[in-house]
Amino acid sequence: MQVIELARVMPESEAKELKNSKVTVKTVDSSLPLDFIAVDSVTKVPFAMYTNASIDETDAQRRAYHAYRKYFTGVMRSAGMKSLSSTFGFNAPAHQMQRIAPSASTWARQHPESHSTICNFAAGLSDILTERGPQHAIDGNEAAKNSIHEDWRLGDTCYTSGIVNDTANLLYHYDRNNTPGTWSAMIVARAGTRGGHLHIADYDLTLPCKDGDLLYFPGMELMHGVTPITSSLKEGYRFSAVYYSVNKFVGVPSAKESLRKATKRQSENDDGLIERQKEIGLIK
């Protein structure tokens, strides 16, 4: 694994101003190695890793995405851009969605076979980072893993969840809700499309997103987005599956205990609602 040093070209304050803006066409540097770790030339802190998956692994992922593709939903993002995607792994509690305890994703319930394929790949992604990646990233992911109960992790990894984007021109953004210090992992499966590379604005680095490419980076810390995607074939597609660690799972007890606590809390809330309604005369 080669190491390349790059200077930061954009301070954080300036990078933040790009949020929710479209990524313009960027050219991938043809001199980039096939496998590399990118390091800040001043601080010497690594900020990205690029490598590849095997053909068999990529094809297994590709089949899983296509098997569930008809269920992907459209999300209207800022600036009016719509993208198709679906989450996998585990959902953290969300009171606004009336999710009182962590739960498996809809994908797990609707198509368990393809969901299992995607989740099982997390172990391989984690192993690659451990074998080839910078110690800085390995330590951050290991610390997160040790703070999250095994019931909410994808195998023996720090990853709790993920999202598969379907041919999505993602705007510049920071990844929200990730566990601080962790690096997300991303695999690309594509055909019949051009563009769609990952641009890290802080360093003006365009990471190639070819079929089978693997990318690792701290998505919470770097402003990133996807360069324009065009189709060269009617059936063209570009899938990107991103695996990450959700901070809301840190310190959450086991599935059994979480459900017990959530049920107890819901019962107490219901009892309190009854008492308030009695006080104002709605019920006797």
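What you are looking at is a predicted structure, and each value in this text was computed from that prediction instead of being measured.

Student: For this particular structure, what's the right way to read the layout of surface pockets?
Tutor: Approximately 230 Å³ is the volume found for the second largest pocket. Every residue lining the second largest pocket is counted, 13 residues in all, and those nearest its centre are S126, T130, E142, K145 and D156. Looking at the lining of the second largest pocket, the element that brings in the most residues is helix α4 (residues 112-132), giving five residues. Broken down by class, the residue content of the lining of the second largest pocket amounts to five nonpolar, four polar and four charged.

Student: I tried to follow the pairing of strand β8 (residues 184-191) on my own but got confused; where do I start?
Tutor: Within a regular strand, the side chains alternate between the two sheet faces. For β8, the tally of buried residues reaches seven of eight residues, placing the bulk of the element in the interior. Direction of pairing for β8 relative to strand β12 (residues 213-217): antiparallel, over a ladder of four bridges. Across the sheet, S184 pairs through a bridge with F217, a residue of β12.

Student: Help me understand unusual backbone geometry, please; the structure alone is not making it clear to me.
Tutor: Glycine aside, the phi torsion of most residues is negative, and most peptide linkages are trans. The backbone of T167 sits at a positive phi, close to 50°, despite the residue not being glycine. Structurally, the position occupied by T167 is in the loop between β7 (161-166) and β8. Taking relative accessible area as the criterion, T167 reaches 27% and is therefore assigned partly exposed. Not every positive phi belongs to a glycine, and D204 is a case in point at roughly 50°. Within the secondary structure, D204 is located in the loop between β10 (198-200) and β11 (205-207).

Student: Can you walk me through the sheet that holds β11 in this structure?
Tutor: Sheets are built from strands paired through backbone hydrogen bonds, the pairs being either parallel or antiparallel. The strand order across the open sheet built from three strands is β11-β10-β13, with neighbouring strands paired in antiparallel fashion. On the outer flanks of this sheet lie β11 and β13 (224-226), each paired with one strand and no other. Sheet twist, expressed as the mean angle between neighbouring strand axes with direction ignored, is 25°. Looking at chain direction, β10 and β11 are connected through three bridges and run antiparallel. Across the sheet, residue L198 finds its bridge partner in β11, namely L207.

Student: Even after reading the chapter, I still don't get the packing of aromatic side chains, so can you show me in this structure?
Tutor: Aromatic ring pairs are described here by two measures, namely the spacing of the ring centres and the angle between the planes. Applying the stated criterion across every chain yields a total of 15 aromatic pairs. Following the ring pairs from residue to residue traces out a cluster consisting of Y65, Y68, Y71, F72, F88, W107, F121, Y159, Y237, F239 and Y243.

Student: I would appreciate a short explanation of the environment of G236 in the present structure.
Tutor: Inspection of the secondary structure assignment puts G236 in the loop between β14 (229-231) and β15 (237-244). Sequence spacing of G236 and R190 is 46 residues, and the spatial spacing of their C-alpha atoms is 7.5 Å. Ignoring sequence-local partners within four residues, the contact set of G236 consists of R69, A191, G192 and T193.

Definitions and cut-offs
- Residues numbered from 1 in each chain as written.
- Predicted model: local features only at pLDDT ≥ 70, side-chain atom pairs only at ≥ 80, totals over all residues.
- Heavy atoms only, no water.
- 1 Å grid on protein atoms, 1.4 Å probe; cavity = no way out; pocket = protein on both sides within 12 Å on 5 of 7 lines; lining within 4 Å.
- Points joined across faces, edges and corners; volume = space filled by probe spheres on them.
- Helix = DSSP H or I, 4+ residues; strand = E, 2+ residues; numbered from the N terminus.
- Nonpolar A, V, L, I, M, F, W, Y, C, P; charged D, E, K, R; others polar.
- Buried < 20%, exposed > 50% of the residue type's maximum accessible area, 1.4 Å probe, protein only.
- Pairing = 2+ DSSP bridges.
- Axes fitted to C-alpha atoms, helices over the stretch in contact; angles between N-to-C directions.
- Phe/Tyr/Trp six-rings, centres within 6.5 Å; stacked < 30°, edge-to-face > 60°.
- Contact = heavy atoms within 4.5 Å.

Limitation: the analysis is restricted to geometry and does not speak to function.
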